[in-house]
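Descriptive structure summary
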Amino acid sequence: MNIKEYIQRNTLYLDGGMGTLLQARGLAAGEHPETWNLTHPQDITAIHRAYFEAGANVVNTNTFGANCLKFGKEELEEIIRAAIANARAARDTAHGDRPKWIALDIGPTGRMLKPYGDLDFEDAVAVFAETVRLGAKHGADLVFIETMNDSYETKAALLAAKENCDLPVFVSNAYGADGKLMTGASPAAMVAMLEGLGADAIGVNCSLGPRALAGVVEEYLACASIPVLLKPNAGLPRAVDGKTVYDVAPAEFAAEVACLVARGVRGVGGCCGTTPDYIKAAVSATQDIAPVALTEKDISVVSSYTHAVTLDAPVLIGERINPTGKKRFKQALVEGDMDYILKEGLDQQERGVHILDVNVGLPEIDERAMLVRAVTELQAIIDLPLQIDTADAGAMEAALRRYNGKAMINSVNGKQESLDAVLPLAKKYGGLVVALTLDETGIPATAEGRLSIARRILAEAEKYGLAKKDIVFDPLALTVSADPNAGRETLRAVRMIREELGAHTSLGVSNVSFGLPERDAVNSTFFALALHAGLSAAIMNPYSEAMMKAWYSYRALVGMDDNCASYIAYASTLPKTVASPAPTAGSVTEGASIAGASALQHAIVKGLRDRASQLTEGLLATRAPLDIVQEDIIPALDAVGVGFEKQTVYLPQLLMSAEAAGAAFEVIKAHMPADRTSDRFAVVLATVKGDIHDIGKNIVKLLLENYGFAVTDLGRDVPPEAVVETAVRLHAPLVGLSALMTTTVPAMEETIKALRAHAPWCRVVVGGAVLTQEYADGIGADHYAPDAMSTVRYAEILEKELLEQ
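A few points on the structure. (Residues numbered from 1 in each chain as written. Predicted model: local features only at pLDDT ≥ 70, side-chain atom pairs only at ≥ 80, totals over all residues. Heavy atoms only, no water.)

**Here's the deal with the pattern of salt bridges**
Should the charged atoms of two oppositely charged side chains come close, the side chains can pair. Under the defined criterion, the tally for this structure stands at 44 salt bridges. With a shortest N-O distance of 3.1 Å, Asp118 and Arg111 are connected by a salt bridge. By relative accessible area, which is 17% here, Arg111 ends up buried. One salt bridge connects Glu500 with Arg455, and the closest N-O pair in it is separated by 3.1 Å. Here Glu500 is found in helix 18 (residues 486-501), whereas its partner Arg455 is found in helix 17 (residues 447-463), with 45 residues between them in sequence. Judged by its relative accessible area of 41%, Arg455 is partly exposed. Here the residues in one salt-bridge network are Asp638, Glu645, Arg680, Arg793, Glu796 and Glu799, joined through shared partners. (Salt bridge = Lys/Arg side-chain N within 4 Å of Asp/Glu carboxyl O. Buried < 20%, exposed > 50% of the residue type's maximum accessible area, 1.4 Å probe, protein only. Helix = DSSP H or I, 4+ residues; strand = E, 2+ residues; numbered from the N terminus.)

See the structure below:
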C-alpha cells in the first residue's frame, strides 16, 4: 500500500524534532545540522531509528536547510544522498512491523520573495527544484515541505515538487498566535491554494503547542477535502541553565493531540522540542481512535495571499481594470502607467468589491508581460483575490504561475479548443474557472441550450480531475435592446444551472443594457432579478450607486445582513459618497487610516512607491525636507505600524508602505546634507552564526531606516566577534539579533554574553520564530520583539531614555 492510500484509511504517524536532539548529541552553536549526515551518520540513523521504534510511519530526512543557497552543488548532493541513506538504514534496522516511509524534508530558504524581498519567484522554484530532484534520485518516498510561513514561498516549493518528481507531496505551514502566516494568510486561504495546486496532504507544524494550534487545525478540517497533518511544538521554549526546554510534557502533548485526531486529523507528529517519547505517547493515546472519514468539502473558493472568498453568498467582482471602452485606461496600458492601474484597484477595493477582474488585453502591447506585471503589482498592495481575464492561454498561464493564492480564471467556453487550452491550467495551478455557455455554434438563444453546454463543460472538467465546485458558469447577459427575450432567458439559465446542476453562476451584468439610455436603472434591476434567481457573482461597476443599492438591499431583504447593519451603514453615507461594506479584516482602509490624510500620506499608506516619490518632489518646492518627514512620512508610517500591531494590516502591506516611504526618503535625502540624512542613533543588526534565515532581520532594517535610524546590517551567519567589533566601533546603543532555528539560539546567547563583556552600554533586542519573552529573558536579552514594529518602538523608547540622561 502506498502512503496516499494508507493515509486515506489510517492515522499516519510522523516523527518529531531533530534540532534539539542533535544539540544534546553535541551539535555546536552555529554548526549546520545537515552536515551531520556526513560527519555523524550514526547519530542521525539512531535518531531516525528511535522515531520508527516509537511508532512513526514517516521520518523526515535531516535536510531542512539543504538547498543550493546554503551548500555548493556537489556538497548538496552528498548531504541529501547521505541523509536518505541514514534514514534508510534506520528503517532497515528498526523493530516493529508498521509501514515505514522516508520523506525528503524541505524547509524555507530564509529569503523573502519579491516584491517584499530580493528572491524572484522563479529563482525560488529553481532552488527547491534542485533539492527535489536530488531527493527523488536518491530514493525518497515522498516530499515533505514544512515550516513555511509565507504563502508565496510555499507555492514555489510545491510547484517545484510537482514539476520535478512524481512522489507524493505533503505541505505544512507555520502559523503564529494570531492564527495566520507571517505574511498574513489565513488557514482557509492556504487550504484553497494548496488543494488547488495538488498537494496530497496539508497541515500545520512548529510555532506553538497543540492546544494553541487547535483553532488553526479546526479551520483546516472545515475546509480541506484531503488529509490534514499536525506537527506541533512541545509548547513554548525557555532557557534553563543554558539549555532549551519546553513547557508541555509528553503525556499532556499526547492528550491534546488525541483530541484533534478525534476531530479528524490524519497525520500526527511533533516539531521543536518533541522527542521519540512524545511520538510514543501520541501513538499510544491515538491508536484506538477510529479515523474520521475524509469528506469532500463542496466549497467554491478563491483566495489572495491573506484570505479566502467563497461563493456561498453573492460576490461582487470589480470590472474597472479593463480597457474596453476606457480611453484613459488604454493610454495607461500603452504608457506602462502602473500607478493608474493600481489606483483603479484601490478605489474599487474601497467601494467594497470582493474580487478584482484584471484584463489588460490590447493589440499594441505585450499582453503576457503586462498581465504578469499587473497581477504581481496589484497583489503587492491589495489583498483582494483576482480574476485573471484573458483569451490568451500563454498569458493566462504566466499570470496563474505568479499569482499568490487561488485565482478566478476568466474564462473557458464550450469550444473544444478552449477546453483543451484552459482546463489543464486550472488543474495544474488551481483556480475557480468561469465557464461561458457558448460553443462552436455560438450562444444558444434559450436557457435549455446554455444548460446543455454547461453539462458538457462539467463532463470535460471531470476528465481533468476538476470538480463542479471549481467551475462557475456565466450564462451570458445579452442586450435586451436587440432581443426582448434576452434578459428573461439569461435569468432562466441562472436558475436552471443553480437548481439542476447545483453549480454557481456569474454574470457581466452591464451587457444587458447596451444601447439603452439610463443604463444604471436597467442594470440594477436586472442585477436584483439575477440575485433572486440564484446568481453567485457579478462582474459590475462598483462606482454605480444604483448597483450598490441593489446589492445592499437584496442582502438585507433575504436575511444575509444581520440587523440590516451593512445596509444602514451604507445608507447613512449616501448623500456624500458611495459607501463600502464593512471592510474585511486586514484591509488597508480599515487598518491604516489617517483623518484628513495628505496625498503623500495616502500614497505611503497604500504602498504607491512611484506616486510617493513624485509627490515628495512636488512638495519640496514649497516645504522644508524635515517638515515633510515629520508631518507626512512619519505619521503615515505610524498609521500603518499601528494597524500592523493591531493585526488589521498584514506584513506585505507594511512592507509596501515602508517601500513607498523609502522612495519618499530617497527624494528627501537628495535635498539634504549627507550628514543629516540619518539623525538617529546607530543600530547593528545580524542573523546569528549558523542561521541563514534573514527575512525578519531585513524587515526590521527596512522599518528602522525609514524611521531615521542609522542601520548597519551584518547579514546572515554572523559570528559573535563580528557583532561585538561593529557595536564597539560604532558605539551603537542597540544591537538586534535574529534566529529562526532552535539549533542557532545558543549562538544568540553566546553573542549576547560577548556584548555584555565588551559593549556593556549596548542594549540587545532579539526576535525569531523560535523565541518567546521567557526565552529571551533566559538568554539575557533586553527586549523581545515578536514583530518588526516592536523593534522600532523599543528603539524609540531607548532614544528617549538616552536623551533624558
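**Focus on the sheet that holds strand 10 (residues 267-268)**
Spatially, eight strands are ordered 1-10-7-6-5-4-3-2 in an open sheet, and the strand pairing comes out parallel. The open sheet is flanked by strand 1 (12-13) and strand 2 (58-60), the only strands paired with a single partner. One ladder, built from four bridges, connects strand 5 (residues 169-173) with strand 6 (residues 201-205); its direction is parallel. For Asn173, the partnering residue across the bridge sits in strand 6 and is Val204. (Pairing = 2+ DSSP bridges.)

**Thoughts on the nonpolar core**
Of all hydrophobic cores here, the largest spans 219 residues; its most connected members are Ile145, Phe473, Phe527 and Ile633. Looking at this core, the element that brings in the most residues is helix 26 (residues 651-670), giving 11 residues. For Ile633, the contacting residues outside a window of four places in its chain are Leu600, Ile604, Ile628, Ala661, Ala664, Phe665 and Ile668. Among the nonpolar cores identified, the runner-up in size contains 30 residues, and Ala239, Val684, Ala686 and Val745 belong to it. (Core = buried A, V, L, I, M, F, W, Y, C linked by side-chain atoms within 4.5 Å. Contact = heavy atoms within 4.5 Å.)

**What to know about unusual backbone geometry**
Pro115 follows Lys114 through a cis peptide bond whose omega is 10°. Note on placement: Pro115 falls in the loop between strand 3 (101-106) and helix 6 (121-137). Note that the residue after Asn410, namely Ser411, is joined by a cis bond; omega there is 20°. Looking at the secondary structure, you find Ser411 in strand 16 (residues 408-413). Even without a glycine there, the phi angle at Ser207 is positive, about 70°. Tracing the chain through its elements places Ser207 in the loop between strand 6 and helix 9 (214-223). Even without being a glycine, Glu518 presents a positive backbone phi close to 45°. A relative accessible area of 67% places Glu518 in the exposed class.

**Quick word on the packing of helix 19 (residues 519-533) against helix 20 (residues 545-557)**
Orientation of helix 19 relative to helix 20, taken along the N-to-C sense of each, is 25°, at an axis distance of 8 Å. With respect to helix 20, the axis of helix 19 lies roughly parallel. Where helix 19 crosses over helix 20, the handedness of that crossing is right-handed. Along its contact with helix 19, which presents Asp520, Asn523, Ser524, Phe527, Leu531 and His532, the element helix 20 presents Ala546, Met547, Ala550, Trp551 and Tyr554. (Axes fitted to C-alpha atoms, helices over the stretch in contact; angles between N-to-C directions. Parallel < 35°, antiparallel > 145°, perpendicular 65-115°, else oblique. Left-handed = near helix turned anticlockwise from the far one by under 90°.)

**Observations concerning the pairing of strand 15 (residues 386-389)**
Residue alternation in strand 15 divides its side chains into two sets, Leu386 and Ile388 and Gln387 and Asp389, and both sets are buried. Sheet topology places strand 14 (residues 355-358) next to strand 15; three bridges connect them, and they run parallel. Directly across from Asp357, in strand 15, lies its bridge partner Gln387. After leaving strand 14, the chain enters helix 14 (residues 367-381) and then returns to the sheet as strand 15, a path that is right-handed. Where strand 15 lies against strand 16, three bridges are found, and the strand directions are parallel. (Right-handed = clockwise from strand over helix to strand, strands pointing away.)

**Some words on the side chain of Thr154**
By secondary structure assignment, the location of Thr154 is in helix 7 (residues 151-164). For Thr154, a relative accessible area of 0% corresponds to the buried category. When sequence neighbours within four positions are dropped, the list of residues in contact with Thr154 reads Met148, Val171, Asn173, Met190, Met193 and Leu194.

**Structural notes on a nonpolar patch on the surface**
On the surface, Leu557, Val558 and Met560 cluster together to form a nonpolar patch covering roughly 290 Å² of accessible area. Along the chain, the position of Met560 falls in the loop between helix 20 and helix 21 (565-572). (Patch = residues over 30% accessible without salt bridge, like charges linked within 9 Å, V, L, I, M, F, W, Y side chains within 5 Å. Areas by Shrake-Rupley, 256 points an atom, 1.4 Å probe, with all protein chains shown as cover.)

**A word on the packing of helix 18 against helix 19**
Relative orientation of the contacting elements helix 18 and helix 19 amounts to 25°, with a least axis distance of 8 Å. Relative to helix 19, the element helix 18 lies roughly parallel. Relative to helix 19, helix 18 is oriented so that their crossing is right-handed. Of the residues in helix 19, those in contact with Gly487, Thr490, Leu491, Val494 and Arg495 of helix 18 are Phe526, Leu529, Ala530, His532 and Ala533. Looking at the contact of helix 18 with helix 19 residue by residue, the class counts come to six nonpolar, three polar and one charged. (Nonpolar A, V, L, I, M, F, W, Y, C, P; charged D, E, K, R; others polar.)

**Here's the deal with helix 29 (residues 745-758)**
With 14 residues, helix 29 extends 20 Å from end C-alpha to end C-alpha; this agrees with the ideal 20 Å at 1.5 Å per step. All buried positions along helix 29 are accounted for by Val745, Ala747, Met748, Glu749, Thr751, Ile752, Ala754 and Leu755. (Expected span 1.5 Å × (residues − 1).)

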